[in-house]
Amino acid sequence: MYDDRQLFNLTNRQTRQRYVTKDGKCRVNLGRIDEKKRFLSDIFTTIVDLKYRWFIFVFMLCYIVTWVAFGFIYFVDALLRDDVNHIGDPEWKPCIDNVDSFLSALLFSVESQRTIGYGTRMVTAYCPEGVILIMAQSILGSMIDALMVGCMFVKISRPKKRAETLIFSKKCVVSHRDEKLCLMFRIGDLRDSHMVDAKIRAKLIKSRQTKEGEFIPLEQSEINLGYDTGEDRLFLVEPQIICHIINDHSPFWEMSAESLKREQFEIIVILEGIVEATGMTCQAKTSYTEDEILWGHRFEPCMTLEKGAFRVDYSHFDKTFDVQTPWGSAKEMQDLKESEQNDRSTLSLFWDNNMFQTVLEDPNAEMESASQDTQDGPRVDFPCFPENTRDVESNDLDV
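Numbers given for residues are sequential positions, taken from 1 along each chain in its written order. Predicted model: local features are reported for residues with pLDDT of at least 70 only, side-chain atom pairs are reported and counted for 80 or more only, and whole-chain, interface and lining totals are derived from all residues. Hydrogens and waters are ignored; side-chain quantities use all the structure's heavy atoms.

## Here we look at the overall build of the protein chain
Runs of H or I in DSSP of at least four residues are treated as helices and runs of E of at least two as strands, each being numbered from the N terminus. Each helix and strand counted, the protein chain has nine helices and 16 strands in total. Only protein chains enter the accessibility calculation, which uses a 1.4 Å probe; a residue is then buried when its area is under 20% of its type maximum, exposed when over 50%, and partly exposed in between. Across the 399 residues that make up the protein chain, the buried fraction comes to 31%. When the accessible surface of the protein chain is summed, it comes to about 26,400 Å², and 56% of that surface belongs to carbon and sulfur atoms. Here, Shrake-Rupley sampling with a 1.4 Å probe gives the accessible areas, and only protein chains in the shown set may cover a residue.

Laid out in structure tokens, this is it:
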């Protein structure tokens, strides 16, 4: 198990293969699938998912195969009826007029299925099998037209192309927002037709070892982008900065700027919405590795007000600037803050107890001290102690 983990980490460092590319393509290849017949049960999706060169090949193959198959049947029928040897005989009653070769039978098949009808070849009323063949070819041709034209329309209008106008920032940034350490990135839509009901979510892809010693090479964990508060639902009219608050539920809770350089992980960002023009669901994806996270940066503003409208300058979409950000992890900052609060509470409690004991021993001591301070001059307090905990006369200080 240890050797497998070391081999995986070594290979990952050498190649640094992404799980998802920057343009949203998943780098996962499926192999050794035994039950390939499952793809034929969903033939429509299988054809639509084909690459364009294979899709066009299948499109042409469906028509060519049916033309050739029915042309061969027509030619065999003409041979069996001996129509080929009686071309031009006015007393002969052929099944199909002017079919004297396989090429002429193929032309008749194309003309029949595509409803061209040049007029020189046609089925006569003396051939019942010819009528049945014409009916069968017409029905099969209509089914092929419906399937192929439908596949072509769906493939051209797929919302996958719409995702190319949804852009993500090239880098992630880590800085403070409202006194909280946050991981942020920016998204934008280049089209005037907006996405309807847009939602954003993110996944962390990272290898880890369980307590039982099991090595999980690509474990997926959720990154909260405001699901509990509804901030993951976007009104994507202008570029927006998506914020992930690094708290105790975040996978980056114990990650500092220094440890970030030693980690190996990938953040997958998925933007989903409905295309306003077609009503189809669209999904855009991108990824960020640990090398693409800038610690102590913020995004530059890219919106200005011009002539009563807001203008977006996409030349500043990926630009960032430095801000003062501690290099420690969010956990270390929280522990330091709690420690300072505990020290202040302990010190305050200590002086309160001392004052309480002094009042019990001599109730008039505090009043006399206050009167003495008022008569002699202003009071000077030690800045390291809380106010009203100890009074010192100004003439007793060694200046």
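That was the structure; now back to the text.
## What about helix 4 (residues 52-80)?
Here the expected span of a helix is defined as 1.5 Å times the quantity of residues minus one. Given a rise of 1.5 Å per residue, 29 residues ought to cover 42 Å, and the 42 Å separating the end C-alpha atoms of helix 4 matches this to within 8%. Any two residues having at least one pair of non-hydrogen atoms within 4.5 Å are treated as being in contact. For helix 4, the secondary structure elements touched by its buried residues are helix 3 (43-48), helix 5 (102-113) and helix 6 (128-156). Immediately beyond the C-terminal end of helix 4, within one or two residues, lies Asp82, with a positive phi of roughly 65°.

## Observations regarding the packing of helix 4 against helix 5
Note on geometry: axes are C-alpha line fits, over the in-contact stretch for helices, and angles between N-to-C directions span 0 to 180 degrees. Following both chains from N to C, one finds helix 4 and helix 5 inclined at 125°, their axes separated by 8 Å at the closest point. Taken together, the axes of helix 4 and helix 5 are oblique relative to one another. Relative to helix 5, helix 4 is oriented so that their crossing is right-handed. For the pair helix 4 and helix 5, the contacting residues are Tyr63, Thr66, Trp67, Val68, Phe70, Gly71, Phe72, Tyr74 and Phe75 in the first and Phe102, Ala105, Leu106, Phe108, Ser109, Val110 and Gln113 in the second. For the contact of helix 4 with helix 5, a count of residues per class yields twelve nonpolar, four polar and no charged. When an angle is under 35 degrees it counts as roughly parallel; over 145 it counts as roughly antiparallel; between 65 and 115 it counts as roughly perpendicular; any other value is oblique. By definition, any crossing whose near helix is turned counterclockwise from its far helix by less than a right angle is left-handed, and any crossing with a clockwise turn is right-handed. Side-chain classes follow a simple rule in which Ala, Val, Leu, Ile, Met, Phe, Trp, Tyr, Cys and Pro form the nonpolar group, Asp, Glu, Lys and Arg form the charged group, and the remainder, Gly included, forms the polar group.

## Considering unusual backbone geometry
Positioned with a positive phi, Asn98 is a non-glycine residue whose angle comes to about 60°. Among the secondary structure elements, Asn98 is positioned in the loop between helix 4 and helix 5. Non-glycine residue Asp197 carries a positive phi angle of around 55°. Position of Asp197 among the secondary structure elements: in strand 4 (residues 195-209). On the basis of relative accessibility, which here comes to 38%, the residue Asp197 falls in the partly exposed class.

## A look at the environment of Arg311
Relative to the helices and strands, Arg311 resides in strand 13 (residues 309-312). Spatially, the C-alpha atoms of Arg311 and Glu238 are 9.0 Å apart, while their sequence positions differ by 73 residues. The residues touching Arg311, leaving out its near neighbours within four places in the chain, are Cys302, Met303, Thr304 and Glu306.

## A few points about the confidence of the model for the protein chain
Averaged over every residue, the pLDDT of the protein chain is 82; residues scoring 70 or more account for 82%. The predictor's confidence in any single residue is recorded as pLDDT, a number from 0 to 100. Every residue in residues 369-399 scores below 50 in pLDDT, and together they form 25 contacts with partners more than four places removed in sequence or on other chains.

## A look at the environment of Ile245
By secondary structure assignment, the location of Ile245 is in strand 7 (residues 240-245). Accessibility expressed as a relative area gives 37% for Ile245, which makes it partly exposed. Spatially, the C-alpha atom of Ile245 lies 6.8 Å from that of Lys180, the residues being 65 residues apart in sequence. Beyond its immediate sequence surroundings of up to four residues, Ile245 is in contact with Lys180, Leu181, Cys182 and Ser250.

## Examining the packing of aromatic side chains
A pair of aromatic rings is counted whenever rings of Phe, Tyr or Trp (Trp by its six-membered ring) have centres within 6.5 Å, and the orientation is called stacked for planes under 30 degrees apart, edge-to-face for over 60 and tilted otherwise. Inspection of every chain in the model, using the stated rule, returns nine aromatic pairs. Ring plane angle 40° and centroid distance 6.4 Å describe the contact between Phe70 and Tyr74, whose orientation is recorded as tilted. Here Phe70 pairs with Tyr74, and both are found in helix 4, just four residues apart, close to one helical turn. Note on Phe70: relative accessible area 11%, which makes it buried. For Tyr74, a relative accessible area of 1% gives the class buried. Over the face of the ring belonging to Phe55 we find Lys155, whose NZ or CZ atom lies 5.8 Å from the ring centre. Both a distance and an angle decide whether a charge sits over a ring: NZ of Lys or CZ of Arg must be within 6 Å of the ring centre and within 35 degrees of the ring normal.

## Here's the deal with the packing of helix 4 against helix 6
Packed helices, taken two at a time, are described by the angle their axes make and the gap between the axes. Packing of helix 4 against helix 6 brings their axes to within 11 Å, and their N-to-C directions diverge by 175°. Viewed along their axes, helix 4 and helix 6 adopt a mutual orientation that is roughly antiparallel.

## A closer look at the side chain of Thr165
Tracing the sequence through the fold places Thr165 in the loop between helix 6 and strand 1 (166-168). Leaving out residues up to four positions away in the same chain, Thr165 has contacts with Gly188, Asp189, Leu190 and Arg191.

## A closer look at the pairing of strand 8 (residues 265-275)
Regular strands show a simple pattern: their side chains alternate between the two faces of the sheet. Of all eleven residues that make up strand 8, nine are buried, and the element is covered over most of its length. The rule for pairing is simple: two strands pair if DSSP sees at least two bridges between them. As judged from the ten bridges shared by strand 4 and strand 8, these two strands associate in the antiparallel manner. Within strand 8, the position partnered with Ile205 by the bridge is Glu266. Pairing geometry for strand 8 and strand 9 (residues 281-289), over nine bridges, is antiparallel. Bridge pairing in strand 9 places Ile270 opposite Lys285. Hairpin remark: strand 8 followed by strand 9, antiparallel, with five residues in the connecting loop; positive phi at Gly279, about 75°.

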